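# Descriptive analysis of the structure
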Amino acid sequence: MNETVSGNLHVANDVLADMVGNAALECYGVVGMAAPSAADGIAKLLPASRLRRGVIVTATDAGVHVDLYVIIEYGTNINTVSQNLIDAVTFALTEYARVPLDGVEVHVQGVKVRK
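Quick summary incoming for the structure in this document. (Residues numbered from 1 in each chain as written. Predicted model: local features only at pLDDT ≥ 70, side-chain atom pairs only at ≥ 80, totals over all residues. Heavy atoms only, no water.)

In this section: the environment of Thr80. Looking at where Thr80 falls in the secondary structure, it is placed in helix 2 (residues 78-97). We classify Thr80 as partly exposed; its relative accessible area is 40%. Between the C-alpha atoms of Thr80 and Gly29, which are 51 residues apart in sequence, the distance is 9.1 Å. (Helix = DSSP H or I, 4+ residues; strand = E, 2+ residues; numbered from the N terminus. Buried < 20%, exposed > 50% of the residue type's maximum accessible area, 1.4 Å probe, protein only.)

In structure tokens:
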């Protein structure tokens, strides 16, 4: 199917957030997603069914900007896990969704021992 079809394709931010959340949970060292606002200073681990809540996708003029709020496994290198997250999210959005990427920011909300 090498036929080009004219028109525009619009992908909802919630779909992109699901893709980002799935890519993040597949990364080594990520225990789970956290709620973006830890008002009381305690990061709450979200169940896998609510992984979209740990991702904020914003459309900008340059493309899509992603903020990830994650909880990292105790004993892993935070810098390495964060870079792996950025690489996985960048790959998922550029290769699968084919959307221009403005940036990915990783916010580590806590460290937890994996059970």
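What follows picks up the thread again.
Among the structural elements, Asn77 can be located in the loop between strand 3 (64-73) and helix 2. Judged by its relative accessible area of 47%, Asn77 falls in the partly exposed class. Along the primary structure Asn77 and Gly29 are separated by 48 residues, whereas in three dimensions their C-alpha atoms are 8.3 Å apart. At 3.0 Å, the side chain of Asn77 forms a polar contact with the backbone nitrogen of Asn79. (Polar contact = N/O pair within 3.5 Å; in protein donor to acceptor, adjacent residues only side chain to side chain.)

So, about helix 1 (residues 13-25). Taking 1.5 Å of rise per residue, 13 residues should cover 18 Å, and helix 1 covers 18 Å from first to last C-alpha, within 8% of that figure. When we look at burial in helix 1, the residues that qualify are Leu16, Ala17, Val20, Gly21, Ala23 and Ala24. Burial along helix 1 is one-sided: seen end-on, the buried residues are contained in an arc of 165°. Those residues of helix 1 that are buried lie in contact with strand 1 (30-33), strand 2 (55-59), strand 3 and helix 2. (Expected span 1.5 Å × (residues − 1). Arc of directions from axis to C-beta. Contact = heavy atoms within 4.5 Å.)

All right, on to helix 2 then. The terminal C-alpha atoms of helix 2, which comprises 20 residues, lie 27 Å apart, in line with the 28 Å expected from a rise of 1.5 Å per residue. What helix 2 keeps buried is the set Val81, Ser82, Leu85, Val89, Ala92, Leu93 and Ala97. Angular distribution of buried residues about the axis of helix 2 spans 100°; they occupy a single face of the element. At the N-terminal end of helix 2, a side-chain oxygen is found 3.0 Å from the backbone nitrogen of Asn79, two or three residues along, and the residue is Asn77. The first or second residue beyond helix 2 is Arg98, which carries a positive phi of 55°.

So, on to the packing of helix 1 against helix 2. Between helix 1 and helix 2, the least distance of the axes is 9 Å, while the angle of their chain directions is 135°. Considering the angle they form, helix 1 stands oblique to helix 2. Pair helix 1 / helix 2 crosses with right-handed handedness. Across the interface between the two elements, Leu16, Met19, Val20, Ala23 and Ala24 of helix 1 pack against Leu85, Ala88, Val89, Ala92, Leu93, Tyr96 and Ala97 of helix 2. Split into classes, the residues belonging to the contact of helix 1 with helix 2 amount to twelve nonpolar, no polar and no charged. (Axes fitted to C-alpha atoms, helices over the stretch in contact; angles between N-to-C directions. Parallel < 35°, antiparallel > 145°, perpendicular 65-115°, else oblique. Left-handed = near helix turned anticlockwise from the far one by under 90°. Nonpolar A, V, L, I, M, F, W, Y, C, P; charged D, E, K, R; others polar.)

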